[in-house]
Amino acid sequence: MAGKLKPDSLGVLGILFFVLSAQAPLTGIAGAVPIAVAIGNGAGAPAAYLAAGVIILLFSVGFVAMGRHVVDAGAFYTYIGKGLGRPTGSGSAAVALFAYCAVQAAMYGLYGATVSGLVEHYSGVHVAWWGWALVTMVIVQVLGASGIEMGAKILAVFVLAEFSILIAFALVTVFKGGGPEGLGFTDSFSPSAALEGAPGVALMFAVASMFGFEATAIYGEEAREPRKTVPRATYVSVAVITGFFAFTSWMLVSAHGASQVTGDAGKALQSGDATSFVFAPITALFGGWTGDVLPILLATSLFAGILAFHNSANRYLFSLGREGLLPHGLTVINRRHSPWVAGTVQTGISLLLVMPFAIFGKDPVLTLFSWFSGVAVLGIMLLYFLTSVSVVVFFRRSRADNRPWNTLIAPVLGALGIAGAIWLIIANFTTLIGGDQTTAIWLQVTVPAVLVLGIVGARLTRARAETTG
């Protein structure tokens, strides 16, 4: 049957777990912090996470203001279409769908490699990374079709597990007075520390780690009292994510020592196992058992992220089908009010993105994960920027909300911050994807290309509809 998604299914906590799952907290900490420290601004990396949080918070003010007037599973493209016109909105829908599917495919690469290594370590049985990715695609499809409540419950377990061990480490470290050189607050948060080395690189990875918070609006149609729930979930998620990354990264710097942390992060990267920068101090604090638990939590962290992005992407497909920009069959829902046809198509897209890397024997981490996560971050940042501009235009035209801070000042400041972040991402894209310059250029070009294809495709679809109608 075709219809609406199930209303009144999610409260603030339910949406929050979807957002935090998309963040994949342990993956973000273990994957991004070592790089931000080693080639960014060293001990000042926590300040970059704080700065990224401020940028995202400014963006959220206009995002939330717009959300009070637009409740739709399409989120970004609906917001952008309201302010900048339907063609631009349609192009942004293509970028959003591309970005969500790309980051999910990237996670499949790292997840498959992680699970393959774990199973071989504990059982001696080797199964290629792509085998685990295929099995997980089936599991994710089943969970996605089981309804939004089931997904929220599964994600809650995984998110709490990975958050718990990282927060426990950070809290114990701070109450112990820090590491060998103390807490070192000024070593991480003073202006001189924040601007040390290459702060732009650190900010780039910090912004990339916060990718996914905007999912709060995607679930607006399924939220209880969306005009209250979505704004609360958005602000809570931004505050939690910013506080978590800034605090945890600060305690990691403290555990290594401000004078040693850059060298330790560099050694971890050179060893080929960047996670050792994070896992080693946790194991030293809590004992050897964490050395077995942390890799497993990394795998569940990635699984949670995969499921969260599956739900985000299939709701985009559902919304586009309802708008008539994609086949209407994507709006078919099952008895649990889950868009199972859109979910099946999304799983098919994941298969198409992942399998070429398996067929051609590419490294799932150095290529699939690095390339697709980089291009996804660039795509989402473009959407952040267009949304900020759209908020300003929409409220100037409609006069639906006359609060200057919410509808003009904060969105403009957020747009400027996001534009700066985009410039940093483009300038350091080769570093972000861990590849060569030619690959970086090709990947960057895909984002505007998808935007243009989305605009052209929407125009052709509407012209055909007008002709046949």
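Residues numbered from 1 in each chain as written. Predicted model: local features only at pLDDT ≥ 70, side-chain atom pairs only at ≥ 80, totals over all residues. Heavy atoms only, no water.

Participant: So, the overall build of the protein: which residues are in play, and what are the values?
Facilitator: When you go through the protein residue by residue, the secondary structure sums to 20 helices and zero strands. Here the protein holds 469 residues, and the buried ones make up 57% of them. Accessible area of the protein: about 18000 Å², with a carbon and sulfur share of 69%. (Helix = DSSP H or I, 4+ residues; strand = E, 2+ residues; numbered from the N terminus. Buried < 20%, exposed > 50% of the residue type's maximum accessible area, 1.4 Å probe, protein only. Areas by Shrake-Rupley, 256 points an atom, 1.4 Å probe, with all protein chains shown as cover.)

Participant: An account of a nonpolar patch on the surface is requested, with residue identities and associated values reported.
Facilitator: Taken together, the side chains of Trp405, Leu408, Ile409, Val412, Leu413 and Leu416 present a nonpolar region at the surface, about 520 Å² in accessible area. A relative accessible area of 42% places tryptophan 405 in the partly exposed class. (Patch = residues over 30% accessible without salt bridge, like charges linked within 9 Å, V, L, I, M, F, W, Y side chains within 5 Å. Salt bridge = Lys/Arg side-chain N within 4 Å of Asp/Glu carboxyl O.)

Participant: Hey, could you go over the environment of glycine 291 for me, with residue numbers and the actual values?
Facilitator: When you line up the elements, glycine 291 lands in helix α15 (residues 289-323). In this structure, the C-alpha to C-alpha distance between glycine 291 and serine 276, residues 15 residues apart in sequence, is 9.7 Å.

Participant: Break down the packing of aromatic side chains for me, citing the residues and quoting the values.
Facilitator: What the rule picks out here adds up to 17 aromatic pairs. Seen in terms of ring centroids, phenylalanine 394 and phenylalanine 395 are 5.0 Å apart; in terms of plane orientation they differ by 75°. Their pairing is edge-to-face. What links up through ring pairs into an aromatic cluster is the set Tyr49, Phe163, Phe244 and Phe245. (Phe/Tyr/Trp six-rings, centres within 6.5 Å; stacked < 30°, edge-to-face > 60°.)

Participant: So, the nonpolar core: which residues are in play, and what are the values?
Facilitator: Counting residues in hydrophobic clusters, the biggest one holds 129 residues, and the most contacted among them are Phe76, Tyr100, Phe277 and Met381. At 17 residues, the largest contribution of residues to this core is made by helix α5 (residues 86-123). For methionine 381, the contacting residues outside a window of four places in its chain are Val207, Ile418, Ala421, Ile422 and Ile425. (Core = buried A, V, L, I, M, F, W, Y, C linked by side-chain atoms within 4.5 Å. Contact = heavy atoms within 4.5 Å.)

Participant: Break down helix α10 (residues 199-209) for me, with residues and values.
Facilitator: Counted residue by residue, α10 has 10 buried out of 11 residues, so it is predominantly covered. If you check which residues of α10 are buried, you get Gly200, Val201, Ala202, Leu203, Met204, Phe205, Ala206, Val207, Ala208 and Ser209.

Participant: Help me get a handle on the packing of helix α14 (residues 276-286) against α15, residues and values and all.
Facilitator: α15 packs onto α14 with a crossing angle of 140° between their chain directions and a minimal axis gap of 8 Å. By the angle class used here, α14 and α15 are oblique. Remark: the crossing between α14 and α15 carries right-handed chirality. The segment α14 lies against α15, with Phe279, Ile282, Thr283 and Phe286 engaging Trp289, Thr290, Gly291, Leu294 and Pro295. Across the contact of α14 with α15, the residue classes break down as six nonpolar, three polar and no charged. (Axes fitted to C-alpha atoms, helices over the stretch in contact; angles between N-to-C directions. Parallel < 35°, antiparallel > 145°, perpendicular 65-115°, else oblique. Left-handed = near helix turned anticlockwise from the far one by under 90°. Nonpolar A, V, L, I, M, F, W, Y, C, P; charged D, E, K, R; others polar.)

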